[in-house]
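# Overview (structure and organization)
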Amino acid sequence: MYKRYECPNCDFYEISKYDLHREKCPVCGHNYHVFEEEIDEERYNWLFDALKNHFHFENFVIRPNSFLFIGSMISDFSVIRETFKNMGYYPFIRKKEGKIYLHLFRAKKQGRSSTALPLILLTATILSVFYAGLSWAKPLQDMGYLENTWFTAAIFTMALILILGSHEMAHKITAVKNKVEASWPYFIPMPFFLIGTMGAVISIKSPIPDRRTAIRLGISGPVVGFIASVIVIIIGMIISPVVPSAEYGEKAAEYAASHPGTYTVGFGTTLIFEILGRLLLSTPEGYTRIMHPIVVTGIIGIFVTALNLLPMGQLDGGHIARSVLGEKYHMLVSKTIALSLVGIGLLGSILKYGIWPGWILWGFLGYIISMRGHPGAMDEITELTGKDKILALVGVIIFILCFTPTPIYVVP
Ligand SMILES: [Zn+2]
Ligand SMILES: [Zn+2]
């Protein structure tokens, strides 16, 4: 005889041969109704047969879209994974009180990821970034510091698409290498916005096999995007014209007077920008280096890297944090970071330190994605190696190099 635990509040139920020692629904917390139930065990023979040589179980639970087996593993997890994947199930293993919990989730049917939409979005983004590039180049050309606005806008576009695209493609390649299904990058066009885009994303469509892969998936984008940004900043700094400060002051004032309504934006410095500046920018006394517009794309790339490495939810930093810290502490860190961002933003608006008020919005969004949590890798039992931990540390270091509370502000 089986027992059926049914929640009268949500549609969740659990059926088990053994006592679950549970009175409340794990989904909503409502008290369970418990019945005795006759079950046709033969219905599940396909499952028992598939498990027989791979997993020894003492207890099992049937749930609406999944099965849970509690016991110990006979085969390697990779064998269990392939066995059930072929049957349309994703197995997840966790360790609790010395026992292995094997969850089998029915794999959702995934449509083939389209290539048309990513291409359309890429084209739209190239156009809107090119337009943004023109608006960055125009004032410098009017002041006589740039030869060709169109050429400048073109390399501005190439640099920004390269930075954002290489970040996403690094995720994509890591995913493919580790048999994780992922979409092509979706660029987000943002016509008439400062840089013409809100960045790019890819969507991960199948569970991550293990924590080792989760770390690599998380770190790959930020590392590659960071390197691309640094290269662009170096090139940009080298080609930035150096002019007498007095002359530049005059021209800038003239330009502002003849173009009412224009404003200048500034970018808060980051550790990496300081380091590059010290190494590359020796501007003689009385001279000013006029930043070439592609430096802007590098600075944006650095900012995007920092945002992605925030250890919240399923962001890049979230994958790393979940792998290293586990479910409970990942959630705690996620929410703490989200609330701190709200705090930084509020402090900025009250104290008027020029801190970016956008952090308030980011903090709220971060809190929402933190609450949704992270499903974790399928295998969360295999220990991380020293190399995995070093990769996670690289993430922390890049984050420190790239973070600034004042990514952008309007120069008064
Ligand atoms: Zn419930
Ligand atoms: Zn990323």
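Rules used throughout
- Residues numbered from 1 in each chain as written.
- Chains lettered and ligands numbered in written order.
- Predicted model: local features only at pLDDT ≥ 70, side-chain atom pairs only at ≥ 80, totals over all residues.
- Helix = DSSP H or I, 4+ residues; strand = E, 2+ residues; numbered from the N terminus.
- Buried ≥ 20, exposed ≤ 12 C-beta atoms within 10 Å, placed from the backbone.
- Contact = placed C-beta atoms within 7 Å.
- Pairing = 2+ DSSP bridges.
- Domains from an automatic or database assignment.
- Axes fitted to C-alpha atoms, helices over the stretch in contact; angles between N-to-C directions.

When its secondary structure is counted, the chain shows eleven helices and 13 strands. For the chain, the spread of C-alpha atoms along the three principal axes comes to 90 × 40 × 40 Å. The 412 residues of the chain split such that 34% are buried. Residue pairs in contact within the chain that sit at least 24 positions apart in sequence constitute 67% of those at least 6 positions apart.

Among the five residues of strand 3 (residues 33–37), zero are classified as buried, and the element is accordingly described as predominantly exposed. When strand 1 (residues 2–6) meets strand 3, the two strands line up antiparallel, connected through five bridges. Of the residues in strand 3, the one forming a bridge with glutamate 6 is histidine 33.

On to the domain arrangement of the chain, then. Examined at the domain level, the chain breaks down into domain 1 (2–106) and domain 2 (116–309 + 382–411). Inter-centroid distance (C-alpha atoms) of domain 1 to domain 2 is 47 Å.

Here we take up the sheet that holds strand 4 (residues 55–63). Here we have seven strands laid out as an open sheet, ordered 3-1-2-4-5-7-6, and antiparallel in their pairing. Of all the strands in the sheet, just strand 3 and strand 6 (89–96) have a single pairing partner and so form its edges. On average, each strand axis in the sheet is tilted by 25° relative to the strand beside it, whichever way the strands run. Pairing between strand 6 and strand 7 (residues 99–106): eight bridges, direction antiparallel. For proline 91, the partnering residue across the bridge sits in strand 7 and is leucine 104. Of the strands in this sheet, strand 4, strand 5 (66–73), strand 6 and strand 7 are in contact with helix 2 (residues 77–86), which crosses strand 6 at around 145°.

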